[in-house]
Amino acid sequence: MFNGIVLLLLATVITILLCFLNNDRELVFLVFACLSFNIIVAYSLGTTEGLYLSVLFVAVFSGYALYDIIVLEKIVSDTYISFFSLLSFPIGSFLGGGLSEVVEKNLKQIASVSDLEKLITLDGGTGFYNQQGFFLRLEEEVGRAKRYRTSFSLLLFRISNLEQLEAIYKKQDVKFIKKTVAEIVASKLRFTDCKGILDDGSISVILPQTESEGLDIVVSKIDAAIGLIPVKLSNAKRMVRVRTLLGYAVFENTDTDYMKLYLRAKEDLENGK
């Protein structure tokens, strides 16, 4: 697209220069205006329509040049430049139409990439849901709980000493640590529990058919499993100490939407600092 714009500008500049070289400065503004209009038509309506219009402009300006030569007998050595400059009209039509096609293609690609991103709901590092996918599942679970009058719990889990780990280990090793922690958490959960990674790095879990008593058991299992854990880093396997924070909330009938439940769990997580 950039090359098309450069060529488009170059064609315009050449046309203006040719008109000036031909000592016909009165014509330059008219040619420039017609060429600009021709390019806009080609860009807006397509190359074919632009070429039709360029043929019209070439016929008009050719007639004008021939009128000077035949009727007014204005024959100069550089008359050929006037005819050569008319090539800018079909060239401009091709460039304008081509630029339009490139822009339209790029816009479609951007739209398709955006649609694809919306369809991607899994985190590549852990296999958990990403934030978008998790909140979709959380919204579905809230609707299910309201419809069937059941209950469930939402658990939020965060590595509290993450900044210290990032200061000690390389970026890739920190990813290995996070993945190991996620695997440990997953091992303590049921297959039906929905796991997610939020944008702030916290692990979120939906625990269907689980109220306070069952939630306490899950929390105690995770607390016991996380601490000094073996992690396979980029250069060797080491024992890494991980500290965690947990926050949770049990679905209540007063929860009008999934975000209200999430904010209660997040508030409990923040209060645990």
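Predicted model, so just to flag it, every value in this text is computed and none were measured. (Residues numbered from 1 in each chain as written. Predicted model: local features only at pLDDT ≥ 70, side-chain atom pairs only at ≥ 80, totals over all residues. Heavy atoms only, no water.)

A.B. asks: Would you explain the overall build of the protein chain in this entry?
C.D. replies: Secondary structure assignment for the protein chain yields 10 helices and 6 strands. Relative to its full complement of 273 residues, the protein chain shows a buried share of 41%. Nonlocal contacts in the protein chain, meaning residues at least 24 apart in sequence, comprise 66% of its contacts between residues at least 6 apart. For the protein chain, the exposed area adds up to about 16,500 Å²; of that, 60% sits on carbon and sulfur atoms. (Helix = DSSP H or I, 4+ residues; strand = E, 2+ residues; numbered from the N terminus. Buried < 20%, exposed > 50% of the residue type's maximum accessible area, 1.4 Å probe, protein only. Contact = heavy atoms within 4.5 Å. Areas by Shrake-Rupley, 256 points an atom, 1.4 Å probe, with all protein chains shown as cover.)

A.B. asks: So what exactly am I meant to see when it comes to the side chain of serine 202 here?
C.D. replies: Topologically, serine 202 is positioned in the loop between strand E2 (194-197) and strand E3 (203-208). Side chain to side chain, serine 202 and aspartate 200 meet in a polar contact 2.7 Å long. Those residues in contact with serine 202 that lie beyond four places of it in its chain are Phe157, Arg158, Gly196 and Ile197. (Polar contact = N/O pair within 3.5 Å; in protein donor to acceptor, adjacent residues only side chain to side chain.)

A.B. asks: Could you clarify how one ought to interpret the environment of leucine 156 in this entry?
C.D. replies: Here leucine 156 lies in strand E1 (residues 152-159). Counting along the chain gives 91 residues from leucine 156 to glycine 247, while the straight-line C-alpha distance between them is 5.0 Å. When neighbours within four sequence positions are excluded, leucine 156 is seen to be in contact with Leu198, Ile203, Ser204, Leu245, Leu246, Gly247, Tyr262, Ala265, Lys266 and Leu269.

A.B. asks: Help me understand the side chain of aspartate 173, please; the structure alone is not making it clear to me.
C.D. replies: Looking at the element boundaries, aspartate 173 is found in helix H8 (residues 171-187). Buried within the structure, aspartate 173 lacks any salt-bridge partner; lysine 170 is the closest side chain of opposite charge, at an N-O distance of 4.6 Å. Within polar-contact distance, the side chain of aspartate 173 engages the backbone nitrogen of serine 234 at 2.8 Å. With sequence-adjacent residues up to four places away left out, aspartate 173 is seen in contact with Leu233 and Ser234. (Lys, Arg positive; Asp, Glu negative; His and termini not counted. Salt bridge = Lys/Arg side-chain N within 4 Å of Asp/Glu carboxyl O.)

A.B. asks: Looking at this model, I keep getting lost on the environment of glutamate 49. Mind explaining?
C.D. replies: Mapped onto the elements, glutamate 49 comes out in helix H3 (residues 47-71). Classification of glutamate 49 by relative accessible area gives partly exposed; the value is 36%. With 11 residues separating them in the primary sequence, glutamate 49 and asparagine 38 have C-alpha atoms 9.2 Å apart.

A.B. asks: Would you mind showing me how to read the sheet that holds E3 here?
C.D. replies: Each strand in a sheet pairs with another by means of backbone hydrogen bonds, the pair being arranged parallel or else antiparallel. In space, the 4 strands of this open sheet follow the order E2-E3-E1-E6, with antiparallel pairing throughout. Sheet topology places E2 and strand E6 (244-250) at the edges, where each strand pairs with a single neighbour. Neighbour-to-neighbour, the strand axes of the sheet open up by a mean angle of 15°, direction not taken into account. Pairing geometry for E1 and E3, over 6 bridges, is antiparallel. What sits directly across from serine 153, in E3, is leucine 207. Running at roughly 150° to E1, H8 makes contact with E1, E2 and E3 of the sheet. (Pairing = 2+ DSSP bridges. Axes fitted to C-alpha atoms, helices over the stretch in contact; angles between N-to-C directions.)

A.B. asks: I would appreciate a short explanation of the confidence of the model for the protein chain in the present structure.
C.D. replies: Regions with low pLDDT should not have their predicted coordinates read in detail. Across the protein chain, the average pLDDT comes to 80, with 79% of residues at or above 70. For the protein chain, helix H1 (residues 2-21) is the element with the lowest average pLDDT, namely 55, and E3 is the one with the highest, namely 94. (pLDDT = per-residue confidence, 0-100.)

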